[in-house]
Amino acid sequence: MAVKKKHAALKPAAKRPARAAAKVAVGWHAPIRDTDSATPKKLGDLLAGVVALETNYISHGEYLEGLSPDGRSWAKDLARRYAGDIRAMLTGVDDESRLAEARDARGALLGLAIVAFNDNGAELCWIIEDMAVLPAARGHGVGAAFVEFIAAEAKKAGAKKLMLESGVDNHGAHRLFEATGFKLYSKVFVRSV
Ligand SMILES: CC(C)(COP(=O)(O)OP(=O)(O)OC[C@H]1O[C@@H](n2cnc3c(N)ncnc32)[C@H](O)[C@@H]1OP(=O)(O)O)[C@@H](O)C(=O)NCCC(=O)NCCS
């Protein structure tokens with residue numbers, strides 16, 4: 001476990017509650033000024049804290065990008081890396097990815113998702129790079145609300161596909177993806193040399 005500072009709401013939910021109607025607002029995080037150092041750090045800590053609770057989140061993408069040094073464990077500086085990525089998105093330095101957020105009716109943050117835009121010259125495809133809901137907020141449709149928001153925005157932007165990759169054992173997340181219309185598209189093979 002690489003992340004030292006955990007968000008207070010990161011303690012695992014005692015029991016996954018029955019699905020309830022979600023009072024969740026999903027939207028894009030507002031841009032910030034480059035001088036605002038607190039927001040990316042706070043969000044980086046939060047995102048890293050949630051994803052690093054489990055290693056089954058790790059897929060080849062995290063390995064290739066150095067977020068996982070070995071494909072099994074998380075990088076020690078995960079929160080710093082996420083904070084850097086988030087800073088670039090929120091200040092417009094990175095205009096090929098965007099940060100979505102979910103909040104409850106009182107404005108409390110429930111989760112974050114990073115979306116990337118890929119244009120292969122023929123089709124625009126949006127990619128959900130990361131999606132994390134605070135453990136205490138899970139099972140209430142926040143994840144599904146993220147997917148629906150991102151899919152609607154992708155369609156509006158002219159994208160033809162919405163894609164994501166996921167650790168092979170992240171079964172709970174896979175159920176969400178299948179329930180929201182995703183189909184298995186390819187398999188990744190790796191061997192030692
Ligand atoms: C995956 C994740 C985003 C789902 O968020 P969520 O708000 O709990 O999702 P929802 O409430 O919209 O769940 C929708 C459906 O997905 C399935 N599902 C999602 N998470 C599940 C879990 N942990 N266990 C079992 N089923 C799960 C269920 O079918 C659920 O439908 P139901 O509530 O009718 O049973 C959340 O568990 C999370 O942040 N996990 C850690 C990070 C991660 O793995 N992200 C996905 C990889 S990109």
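Residue indices follow the written sequence of each chain, beginning from 1 at its first position. Local features in this predicted model are restricted to residues whose pLDDT is 70 or higher, and side-chain atom pairs enter the listing and the counts only when it is 80 or higher, whereas totals over whole chains, interfaces and linings include all residues.

A. Region of the structure containing the sheet that holds strand E2 (residues 97–103). Strand order in the open sheet formed by five strands is E1-E2-E3-E4-E5, with mixed pairing between adjacent strands. Strands with a single pairing partner mark the edges of an open sheet, and in this sheet they are strand E1 (25–28) and strand E5 (161–163). Strand after strand, the sheet turns through a mean of 25° between neighbouring axes, direction not considered. A pair of strands is labelled paired if DSSP reports no fewer than 2 bridges between them. In this description a helix means any DSSP run of H or I spanning at least four residues, a strand means any run of E spanning at least two, and both kinds are numbered starting from the N terminus. In this structure, E2 lies alongside strand E3 (residues 109–119), joined through seven bridges in antiparallel fashion. Across the sheet, the residue bridging to Leu-99 is Ile-114, located in E3. Whether two residues are in contact depends on their C-beta atoms, placed from the backbone: they are in contact if these lie within 7 Å. Only the stretch in contact is used when a helix axis is fitted, and all axes are lines through C-alpha atoms; the angle between N-to-C directions ranges over 0 to 180 degrees. Along the sheet, helix H1 (residues 38–51) contacts E3 and strand E4 (124–133); its crossing angle with E4, the most-contacted strand, is approximately 80°. Running at roughly 160° to E4, helix H4 (residues 142–156) makes contact with E1, E2, E3, E4 and E5 of the sheet.

B. The arrangement of the environment of Ala-105 in detail. With respect to the element layout, Ala-105 can be found in the loop between E2 and E3. Three classes are used. A residue is buried when 20 or more other C-beta atoms lie within 10 Å of its own, exposed when 12 or fewer do, and partly exposed in between, with C-beta atoms placed from the backbone. The exposure class assigned to Ala-105 is exposed, which follows from the 8 C-beta atoms found within 10 Å. Here the alpha-carbon distance between Ala-105 and Val-24, two residues 81 residues apart in the chain, equals 6.5 Å.

C. Region of interest: the confidence of the model for the chain. The predictor reports its confidence for every residue as pLDDT, a score running from 0 up to 100. In this model, the chain carries a mean pLDDT of 90, and residues with pLDDT of at least 70 account for 89%. For residues 11–18, every residue scores under 50 in pLDDT, and the model assigns this stretch eight contacts once sequence neighbours within four places are set aside.

D. Representation of helix H3 (residues 78–90). With 13 residues, H3 extends 18 Å between its outermost C-alpha atoms, agreeing within 8% with the 18 Å of an ideal straight helix rising 1.5 Å per residue. Buried within H3 are the following residues: Leu-78, Ala-79, Tyr-82, Ala-83, Asp-85, Ile-86, Arg-87, Met-89 and Leu-90. Those residues of H3 that are buried lie in contact with H1 and E2. Within two residues after H3, Gly-92 carries a phi angle of roughly 85°, on the positive side. Given a helix with a known number of residues, its expected span is that number minus one, times 1.5 Å.

E. Quick peek at the site of the ligand. The criterion for a residue being near a molecule or strand is simple: its C-beta atom, placed using the backbone, must lie within 6 Å of it. The environment of the ligand is formed by 23 residues, the closest being Arg-138, Gly-143, Ala-144, Gly-172 and Leu-176. Where the shell around the ligand is concerned, the elements lending two or more residues are H1, E4, H4 and helix H5 (171–179). The element contributing the most residues to the shell around the ligand is H5, with five residues. Grouping the amino acids of the shell around the ligand by side-chain chemistry returns 12 nonpolar, seven polar and four charged. Residues are grouped as follows: nonpolar covers Ala, Val, Leu, Ile, Met, Phe, Trp, Tyr, Cys and Pro; charged covers Asp, Glu, Lys and Arg; every other residue, Gly included, is treated as polar.

F. Structural view of the packing of H1 against H3. Between H1 and H3, the least distance of the axes is 7 Å, while the angle of their chain directions is 130°. In terms of their interaxial angle, H1 and H3 are classed as oblique. Seen from above, H1 lies across H3 with right-handed handedness. Residues Thr-39, Pro-40, Lys-41, Leu-43, Gly-44, Asp-45, Leu-47 and Ala-48 of H1 lie in contact with H3, whose contacting residues are Leu-78, Ala-79, Arg-80, Tyr-82, Ala-83, Ile-86, Arg-87 and Leu-90. Partitioned by chemical class, the residues of the contact of H1 with H3 number 10 nonpolar, two polar and four charged. Any angle that falls under 35 degrees is termed roughly parallel, while one over 145 is termed roughly antiparallel, one within 65 to 115 roughly perpendicular, and all others oblique. Whether a crossing is left-handed or right-handed is set by the direction in which the near helix is turned from the far one by less than a right angle, anticlockwise for left-handed and clockwise for right-handed.

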